[in-house]
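Chain by chain, the residues:
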Amino acid sequence: MASAVEGDVGSAVELVGVLGPAFQELSLNKLATSLGASEQALRLIISIFLGYPFALFYRHYLFYKDSYLIHLFHTFTGLSIAYFNFGTQLYHSLLCVVLQFLILRLMGRTVTAVLTTFCFQMAYLLAGYYYTATGNYDIKWTMPHCVLTLKLIGLAVDYFDGGKVQNSLSSEQQKYAIRGVPSLLEVAGFSYFYGAFLVGPQFSMNHYMKLVQGELTDIPGKIPNSTLPALKRLSLGLVYLVGYTLLSPHITEDYLLTEDYENRAFWFRCMYMLVWGKFVLYKYVTCWLVTEGVCILTGLGFNGFEGGKAKWDACANMKVWLFETTPRFTGTIASFNINTNAWVARYFYKRLKFLGNKELSQGLSLLFLAIWHGLHSGYLVCFQMEFLIVIVERQAAKLIRESPALSNLASIRVLRPFFYLVQQTIHWLFMGYSMTAFCLFTWDKWLKVYKSIYFLGHVFFLSLLFILPYIHKAMVPRKEKLKKIE
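Predicted, not measured: the structure shown is a model, and the values here were computed from it. (Residues numbered from 1 in each chain as written. Predicted model: local features only at pLDDT ≥ 70, side-chain atom pairs only at ≥ 80, totals over all residues. Heavy atoms only, no water.)

**Some thoughts on the packing of aromatic side chains**
In the structure shown here, the tally under the stated rule is 47 aromatic pairs. Ring geometry for Phe-460 versus Phe-461: centroids 5.0 Å apart, planes at 90°, classification edge-to-face. Within the aromatic cluster, the residues linked to one another by ring pairs are Phe-54, Phe-57, Tyr-61, Phe-73, Phe-190, Phe-193, Tyr-194, Phe-203 and Tyr-208. Taking the ring centre of Tyr-159 as reference, the NZ or CZ of Arg-109 above it sits at 4.1 Å. (Phe/Tyr/Trp six-rings, centres within 6.5 Å; stacked < 30°, edge-to-face > 60°. Lys NZ or Arg CZ within 6 Å of the ring centre and 35° of its normal.)

Take a look at the structure:
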């Protein structure tokens, strides 16, 4: 008997000896290296795609089941994804979720609870940035934590609104206000929902509870007919993923820092920045399209009906057609990271109405977004450029709209393709200019690149900011003159 066991053990050891190198060869690290990516990035992609089997399990075994089972499933799968990506560092999110629940329960529906939530959650996130930040883009626990931070702040604000008289709230606030008292399991399920834990999108507690209660379906009483819409977003995400994978070795921000780039002709430097600025956003587009498909598959993407047809865009973070075709910066902003922008508008920008100045409110909102992204100076520069560009673009649009000469010129059909090409060139050149600071993070890196193209973006838009009002005054006749002409 002993000899048989020893023989089995010996065979097993030999088998391990033979298969060990094979399994090592198949390790995530080596697979990532062969794909030209980091292990963290590969884990992230795998985790995002894991949402689909989780969503299928939910659809077939948990839809219309007891709510506590659904919350447990969402919590367990989300924590599993967190552990797969960040190991024991998942305690950061778990700690913030539990403490947030205690803040709601102990402080109630008060301004103190909202302020405590905002200060604690933002301070924890910024401390995480401070202690983990490097000069490169690293995938670590702070990446999903920034998504969680907005979720928990929004939860506190909605809980606070739920204690107000309904008539005192706007229609939007009434929609999101939480009237009941969330349990710890509900807060955990909301926070760790596998379709949005890593990269978003943002959604409200009320919307999540509708999912749990089986209300987010186009066929009442049945599983949502959302498989085809989900596959469409998944397929589109795969197209962007393939495109990014094929091009990423050839178009990198690292090249912007090389002597070869600096020694190239000025026009080449600008064109490379233009192409890179468009392409670098594809990695975000990929993640958001894939996760949107997961949300649609579960039903979370259900957004009612329009013209008798179900809409599945409640969790859409991208308007792909608008993103690819708009010649305006405001169009790109409206098409990109939609739910985060909507969150900032709902919980920050509109709450600053008491300031009585839209541009000030917008500037503070962009400052908040910059700090929320991280402590690197590049984020501040990027959002400062966005603020400047949007103001100038509005001035230019107003000038063209109110100037008879420019308005007539813009209406000539034959010239429209030319105008569109010029707009797109300006649009993506300076989008790349802004993204340079965003992606290079530290001042020594983005400053080097900006010097190489003579701070073109700042010079161009600051000049227009001061010149356009005078051009407007010269080209737009006063109302009295217009009356005489009429």
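**What to know about the environment of Leu-94**
By the element assignment, Leu-94 lies in helix 5 (residues 91–107). C-alpha separation for the pair Leu-94 and Ile-48, spaced 46 residues apart in sequence, amounts to 20 Å. Not counting the four nearest positions on each side in its chain, Leu-94 is found in contact with Leu-79 and Tyr-192. (Helix = DSSP H or I, 4+ residues; strand = E, 2+ residues; numbered from the N terminus. Contact = heavy atoms within 4.5 Å.)

**With respect to the side chain of Ser-204**
Summarising the element assignment, Ser-204 is placed in the loop between helix 9 (184–192) and helix 10 (205–212). Of the polar contacts made by the side chain of Ser-204, one reaches the backbone nitrogen of His-207; its length is 3.1 Å. If we skip the residues at most four places from it in the chain, Ser-204 touches Asp-158, Tyr-176 and Phe-190. (Polar contact = N/O pair within 3.5 Å; in protein donor to acceptor, adjacent residues only side chain to side chain.)

**Here's the deal with the nonpolar core**
Of all hydrophobic cores here, the largest spans 129 residues; its most connected members are Tyr-194 and Leu-198. The biggest single contributor to this core is helix 7 (residues 142–161), with 12 residues. (Core = buried A, V, L, I, M, F, W, Y, C linked by side-chain atoms within 4.5 Å. Buried < 20%, exposed > 50% of the residue type's maximum accessible area, 1.4 Å probe, protein only.)

**Notes on the UniProt feature "transmembrane region" (unreviewed entry) in the protein chain**
Look at the UniProt record and you will see "transmembrane region" (unreviewed entry) annotated at residues 41–61, 111–131, 281–302, 366–392, 418–443 and 449–471. Summarising residues 418–443: 92% helix, 0% strand, and an end-to-end C-alpha distance of 36 Å. Taken end to end, residues 449–471 has its terminal C-alpha atoms 31 Å apart, with 87% of it in helix and 0% in strand. (UniProt positions renumbered as here; feature names shortened; annotations may be inferred.)

**Concerning the packing of helix 19 (residues 377–402) against helix 23 (residues 456–475)**
The contact between helix 19 and helix 23 brings their axes to 10 Å, and the two run at 25°. Viewed along their axes, helix 19 and helix 23 adopt a mutual orientation that is roughly parallel. With respect to the hand of their crossing, helix 19 and helix 23 are arranged in left-handed fashion. Between helix 19 and helix 23, the contacting residues are Val-381, Gln-384, Met-385, Leu-388, Ile-389, Ile-391, Val-392, Gln-395, Ala-396, Lys-398, Leu-399 and Glu-402 on the first element and Gly-457, His-458, Phe-461, Leu-462, Leu-464, Leu-465, Leu-468, Pro-469, Ile-471, His-472 and Met-475 on the second. Residue composition of the contact of helix 19 with helix 23, grouped by class: 16 nonpolar, five polar and two charged. (Axes fitted to C-alpha atoms, helices over the stretch in contact; angles between N-to-C directions. Parallel < 35°, antiparallel > 145°, perpendicular 65-115°, else oblique. Left-handed = near helix turned anticlockwise from the far one by under 90°. Nonpolar A, V, L, I, M, F, W, Y, C, P; charged D, E, K, R; others polar.)

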